[in-house]
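Here's the letter readout for the chains.
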Amino acid sequence: MVIQKESSMKSLPSPSLSSPSKTLTMSSSLISLGSSCTSLATAEEAIRIADPIITKWDMDSSSYTKLISLFHHSRREAADFLKSVHELRGAMHFLVSNHQRSRDQLVLAQNLMQVAMKRLEKELYDILSSSRDKLDHESLSEGSFSSRSTSSKFGGLEKIDKEEELKEEDDGADDSEDGLGKARESIAETEQASVLAMSDLKSIADCMISAGYGKECVKIYKIIRKSIVDEGIYRLGIKGPKLLQIQKMSLDLQDCAIKTWLSATKVVVRTLFRGERILCDHVFSSSSTIRESCFTEITKDGAISLFKFPELVARPKGPSGRIYQLIELYEALSELWPVIDYTFDFKSTATVKLQVLSSLVRLGNTVQTILSDYEASIQKDSSRNPAPGGGIHPLTESVMSFICSLTPYSGTLSDILADHPHPDGNLQLPESYFGSPSSEDYPTSPVSIRIAWLILVLLCKLDVKAELYKDVALSYLFLANNLHFIVKKVSTTNLKYLLGDEWIARNERIVRQYASSYEAMAWTRVLSCLPEVITIDDSVTSPSLSVEEAKACFQKFNSAFEDAHRRQGSWVVPDGKLRDEIKVSIARKLVGNYRVIWEEYMGSMRELVRFRPDDLENYLSDLFHEAAISGNSSGSSSSTSYPQPRGCLSRSIKVY
């Protein structure tokens, strides 16, 4: 049995730790042991020297050393202990390989080795257990030690970390000197303690592995470090729910779980997992196989459970508002992917990265499905209640609110849509909507095209909604109001950067076209009651009318204007700027012509003249205010009273 144990021993590698001189005591001692026993005499001498040093720290002895830590008691004695174990291993190797008939010496050496390994197991356990604060993952992942003692591949992560860190300012300016001095001392002490603990662990691991006791070393290390990692994940609120549990959760509970995951995952990946990888790489630098095995067993289960959560919550069913959280989950995983890829680069941890990719695919598919379902809900909207007075339809408000809420996620959403295209393939927007695909203003990012498409679907639905109005003029006013609302939302939010100035300009022209169509349909009959005025050398004059013609003109105008005003009394233009533009345009065409006729025939037709030009302006100014809505949205007349001839007062307007 002794021979079998010794045959498995490996030559001791040279440690590569680069740290302060105080921490090099044991490593330097081991580095200096390049010689091995070359004769029976040197082997026996090595056993004789090692005997008292190892026996002193026998766990089964009654000595006080049974109760104290070798590494905490005296680092010099710890270095001598490790040196003795190394010499003992060389002596045993010589006795076995040269078939020396010194059975008693070999048995003694084996017994001493078992005593030494038992002590080192205890030291390993004690250091791992008592140094939790010194080996916390934050110190390991961000401290100066990690940059010196880990493989060069982790150096590339420093830039990633710096881009994500929040810089804080020191408020204690008054006592900055004392505060900074104490802070430096505290940081130095913490880093020194961390370096010493890691150095001791590495020395013990190197010694046990080279002596053929790697299995015992790894078992203790895995148990303690896995419990620390699992506890860290649990303390951050990650409990690894199952699919059935998530399906039974209310939406509010799911929202809370997602927020917890988002806040905890960055810490788990960048600090906990990465710190554990740094520690594993350092402690077991002498064996890549053991290093991989330890890290995998310690972190794999927790990592898979952590990264599976997004896949479990990525269900397309539910309100469309869940898309924002799903995009945040996708964004978090995407940002952490470089660190995950570096940290879990072992073959045995490939399933961890596969789980991350699986969650990203599921999140992307679900986001695409939600957008497609939302698009379908717009097309299927069957509400037949027209917006009161031709105002903003609730569908317009809800769709634009949804689209505007997507803009903060435009970068991530663009990545998702690039990898998960529309179910119907590439979306082809009409040239009249965005211009030619070859033009500079045509959107190229997937998110720009998708948002433009959603707005186009909304506009098509609004065309259908406009047909619900009995009055064609009101239909055009409805279209002008809603398109103006959309254009204003785009131009006053980050949507303008996604859709571009050309899109805004094109649709502003369409708003003006809708407004012009409304004016033509609503006021042509009124304007037709007035004869065309004559313009000569920039001078406007009234055409010559007979008494009967002038009388008929005023009678028709009074009736037509009252009818148009009454019919439009409940119509609205919610936007103040658009409302003023429409009223100014109407007044410019109507009041100007009326003023010319009124000035010419007011004296002879006093009994027929109901409105002064200023009266018309006053009545027009009352139009399109939302407060004027009387509940009739289809365009029927309101109950406004109009001035009568011969002294009747209305709205404080004098009657002529």
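Residues numbered from 1 in each chain as written. Predicted model: local features only at pLDDT ≥ 70, side-chain atom pairs only at ≥ 80, totals over all residues. Heavy atoms only, no water.

1. Details of the layout of surface pockets
For clarity, the cut-off: A 1.4 Å probe that fits into a set of points on a 1 Å grid over the protein atoms alone but cannot get out defines a cavity; an open set with protein on both sides within 12 Å along at least five of seven lines defines a pocket, and lining residues are those with an atom within 4 Å of a point. Grid points are joined across faces, edges and corners, and a volume is the space filled by probe spheres set on the points. Per the convention used, a helix needs a DSSP run of H or I reaching at least four residues, while a strand needs a run of E reaching at least two, with both numbered from the N terminus. Residues are grouped as follows: nonpolar covers Ala, Val, Leu, Ile, Met, Phe, Trp, Tyr, Cys and Pro; charged covers Asp, Glu, Lys and Arg; every other residue, Gly included, is treated as polar. Annotation comment: domain bounds sourced from an automatic or database domain assignment.
Its volume calculated, the second largest pocket comes out at about 400 Å³. Lining the second largest pocket are 17 residues, with His484, Val511, Arg512, Leu578 and Glu581 sitting closest to its centre. Contributing elements (two or more residues each) for the lining of the second largest pocket: helix H21 (472-491), helix H22 (495-528) and helix H24 (576-601). Split into classes, the residues belonging to the lining of the second largest pocket amount to five nonpolar, four polar and eight charged. Counting residues domain by domain, the lining of the second largest pocket receives three or more from each of domain 3 (381-523) and domain 4 (529-622).

2. Let's talk about the pattern of salt bridges
Applicable threshold: Here a salt bridge means any side-chain nitrogen of Lys or Arg lying within 4 Å of a carboxyl oxygen belonging to Asp or Glu. Classification of residues uses two cut-offs on accessible area relative to the type maximum, computed with a 1.4 Å probe and protein chains only: under 20% is buried, over 50% is exposed, and between them is partly exposed.
Tallied over the full model, the rule gives 27 salt bridges. Note that Lys589 and Glu519 form a salt bridge whose closest N and O atoms lie 2.9 Å from each other. Separated by 70 residues along the polypeptide, Lys589 in helix H24 and Glu519 in helix H22 bring together distant segments of the chain. Classification of Glu519 by relative accessible area gives buried; the value is 9%. Linking Arg612 and Asp615 is a salt bridge whose minimum nitrogen-to-oxygen distance equals 3.7 Å. Owing to a relative accessible area of 0%, Asp615 belongs among the buried residues under this scheme.

3. Here we look at the confidence of the model for the protein chain
Detailed reading of predicted coordinates is not advised where the pLDDT is low. Selection criterion: Per-residue confidence from the prediction method is given by pLDDT, with values spanning 0 to 100. Residues count as neighbours in contact if any of their non-hydrogen atoms are within 4.5 Å of one another.
Mean pLDDT for the protein chain: 79, with 75% of residues reaching 70 or above. Per-element mean pLDDT across the protein chain ranges from 36 in helix H1 (residues 2-7) up to 96 in H21. Low pLDDT, under 50, characterises residues 144-176; the predicted model gives this stretch 37 contacts beyond four residues in sequence or across chains.

4. Looking at the packing of helix H18 (residues 410-419) against helix H20 (residues 446-466)
To characterise two packed helices, one gives the angle between the axes of the helices and the distance between these axes. Applied cut-off: Angular values range over 0 to 180 degrees, each being the angle between N-to-C directions of two axes fitted as lines to C-alpha atoms, with helices fitted over their stretch in contact. Reported orientations rely on four angle classes, namely roughly parallel under 35 degrees, roughly antiparallel over 145, roughly perpendicular from 65 to 115, and oblique for the rest.
Put simply, H18 and H20 touch, their axes get as near as 7 Å, and they point 90 degrees apart. Overall, the two elements H18 and H20 adopt an arrangement that is roughly perpendicular. Packed against H18, whose contacting residues are Ser410, Leu413, Ser414, Leu417 and Ala418, the element H20 presents Pro446, Val447 and Arg450 at the interface. Of the residues contributing to the contact of H18 with H20, the split by class is five nonpolar, two polar and one charged.

5. Observations regarding the packing of aromatic side chains
To keep it simple, the criterion reads: By convention, a stacked pair of Phe, Tyr or Trp rings (six-membered ring in the case of Trp) has centres within 6.5 Å and planes under 30 degrees apart, an edge-to-face pair has planes over 60 apart, and any other such pair is tilted. Distance and angle both matter: a charge sits over a ring if NZ of Lys or CZ of Arg is within 6 Å of the ring centre and within 35 degrees of the ring normal.
Following the criterion strictly, the structure yields 15 aromatic pairs and no others. Centre to centre, the rings of Tyr324 and Tyr409 are 6.0 Å apart; their planes meet at 20 degrees, and the pair counts as stacked. Separated by 85 residues along the polypeptide, Tyr324 in helix H15 (residues 323-343) and Tyr409 in the loop between helix H17 (394-406) and H18 bring together distant segments of the chain. For Tyr324, a relative accessible area of 18% translates into the label buried. Assessed through its relative accessible area of 15%, Tyr409 is described here as buried. Between Trp523 and Phe561 the ring centres are 6.1 Å apart and the planes differ by 40 degrees, which places this aromatic pair in the tilted class. Placement of the pair is Trp523 in helix H22 and Phe561 in helix H23 (residues 547-567), with a sequence separation of 38 residues. Of the two residues examined, Trp523 and Phe561, each falls in the buried class. An aromatic cluster is defined as three or more aromatic residues linked by ring pairs; in this entry it consists of Phe273, Phe295, Phe344 and Phe346. When the ring centre of Phe295 is taken as origin, the NZ or CZ atom of Arg277, which lies over that ring, is 5.6 Å away.

6. Focus on the nonpolar core
Stated precisely, the cut-off is as follows: Only buried Ala, Val, Leu, Ile, Met, Phe, Trp, Tyr and Cys residues count toward a nonpolar core, and they belong to the same one when joined by side-chain atoms within 4.5 Å.
Counting residues in hydrophobic clusters, the biggest one holds 172 residues, and the most contacted among them are Phe273 and Trp523. With 13 residues, the single largest contributor to this core is H20. Non-local contacts of Phe273, meaning those with residues more than four positions away in its chain, are made with Val229, Ile233, Val268, Phe295, Thr299, Gly302, Ala303, Leu306, Phe307, Thr343 and Phe344.

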